[in-house]
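What follows is the residue order along each chain.
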Amino acid sequence: ALDKHDFALASRTFGDGLKLFAGDADFLGGLAAAFRGSGEAEQFLSYAAQALEANPRHVPTRLLLAEQLLDTEEYGPARAMITKILDVNPLQPDALALLAAVEEFENHPEAAAAIAAQGFIRLGNWLAAHGEKAAGKKYLQAGLTELGFSFLAPESCRLPQLIAIRVPDGVADEAQYITFSG
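Residues numbered from 1 in each chain as written. Predicted model: local features only at pLDDT ≥ 70, side-chain atom pairs only at ≥ 80, totals over all residues. Heavy atoms only, no water.

### Some remarks on the overall build of the protein
For the protein, the count of helices and strands is eight helices and two strands. The helix and strand sequence of the protein, counted from the amino end, reads α-α-α-α-α-α-α-α-β-β. When contacts within the protein are restricted to residue pairs at least 6 apart in sequence, long-range pairs at least 24 apart make up 36% of them. Surface summary for the protein: the accessible area is close to 10400 Å², and the carbon and sulfur share equals 56%. (Helix = DSSP H or I, 4+ residues; strand = E, 2+ residues; numbered from the N terminus. Contact = heavy atoms within 4.5 Å. Areas by Shrake-Rupley, 256 points an atom, 1.4 Å probe, with all protein chains shown as cover.)

Given below as structure tokens:
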């Protein structure tokens, strides 16, 4: 229902779920999402607070709150919320995208580009490790290109200021997964 923007149905569905699983962070976060989508800010904030009370590390609710803070141009609090998400999962792609947006909105395009590149590289590594080698290579290439590399660096050409990340099993030897060491 949320994906189809049927917020009334979503709120009823998550409300029914809460009757069966009182205090569940996923259902509370789902209600928060439904009320955010329908523009009911008070209800959104109330259910988001309850979800975080049930689970202070609930990433979906923290993502909703970070998006709301970005929408209201509260970049400092948005950055703090995103940092809490990345403390739970440093590879969380939506959090990295939001952090890149904060950097861009605060007129730090180089930082935004570096964060976006990091997200592409991490997603490429994950896809390759999970059997999607072609897609992984494309995302890796996009990340390296964003960092200023226009090629996949073979191991023999590795720069000293770069360190290798373990290449997932089954990935072609010619692809060198790299990140900045500093």
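From this point, the narrative continues.
### Describing the pattern of salt bridges
Under the counting rule described, the total for this entry stands at five salt bridges. Note that R36 is salt-bridged to D71, the shortest N-O span being 2.4 Å. Within this pair, whereas R36 is found in helix α2 (residues 25-37), its partner D71 is found in helix α4 (residues 59-71), the two being separated by 35 residues in sequence. The residue R79 makes a salt bridge to E106 at a minimum N-O spacing of 2.3 Å. (Salt bridge = Lys/Arg side-chain N within 4 Å of Asp/Glu carboxyl O.)

### Description of the confidence of the model for the protein
Detailed reading of the predicted coordinates is not advisable wherever pLDDT is low. In this model, the protein carries a mean pLDDT of 78, and residues with pLDDT of at least 70 account for 80%. Looking across the protein, the model is least confident in strand β2 (residues 178-180), with a mean pLDDT of 38, and most confident in α4, with 94. With pLDDT under 50 throughout, residues 155-168 is counted as low confidence; its partners more than four residues away or in other chains account for 27 contacts. Low pLDDT (under 50) marks residues 170-182, which in the prediction has 40 contacts with non-local residues, meaning those over four places away or in another chain. (pLDDT = per-residue confidence, 0-100.)

### Regarding unusual backbone geometry
The phi dihedral of E73 is positive, around 60 degrees, even though this residue is not glycine. In this fold, E73 is placed in the loop between α4 and α5 (75-88). We note that N107 has phi near 65 degrees; this positive angle belongs to a residue other than glycine. By relative accessible area, which is 62% here, N107 ends up exposed. (Buried < 20%, exposed > 50% of the residue type's maximum accessible area, 1.4 Å probe, protein only.)

### Some details on the layout of surface pockets
Taken as a whole, the second largest pocket spans an internal volume of roughly 160 Å³. If you trace the second largest pocket, you find it lined by P93, L96, A97, A100, I115, A116, G119, F120, L123 and Y139. Within the residue set of the lining of the second largest pocket, elements represented by two or more residues are α6 (93-105) and α7 (109-129). Considering each element in turn, the lining of the second largest pocket owes the most residues, five residues, to α7. For the lining of the second largest pocket, the class distribution of residues is nine nonpolar, one polar and no charged. (1 Å grid on protein atoms, 1.4 Å probe; cavity = no way out; pocket = protein on both sides within 12 Å on 5 of 7 lines; lining within 4 Å. Points joined across faces, edges and corners; volume = space filled by probe spheres on them. Nonpolar A, V, L, I, M, F, W, Y, C, P; charged D, E, K, R; others polar.)

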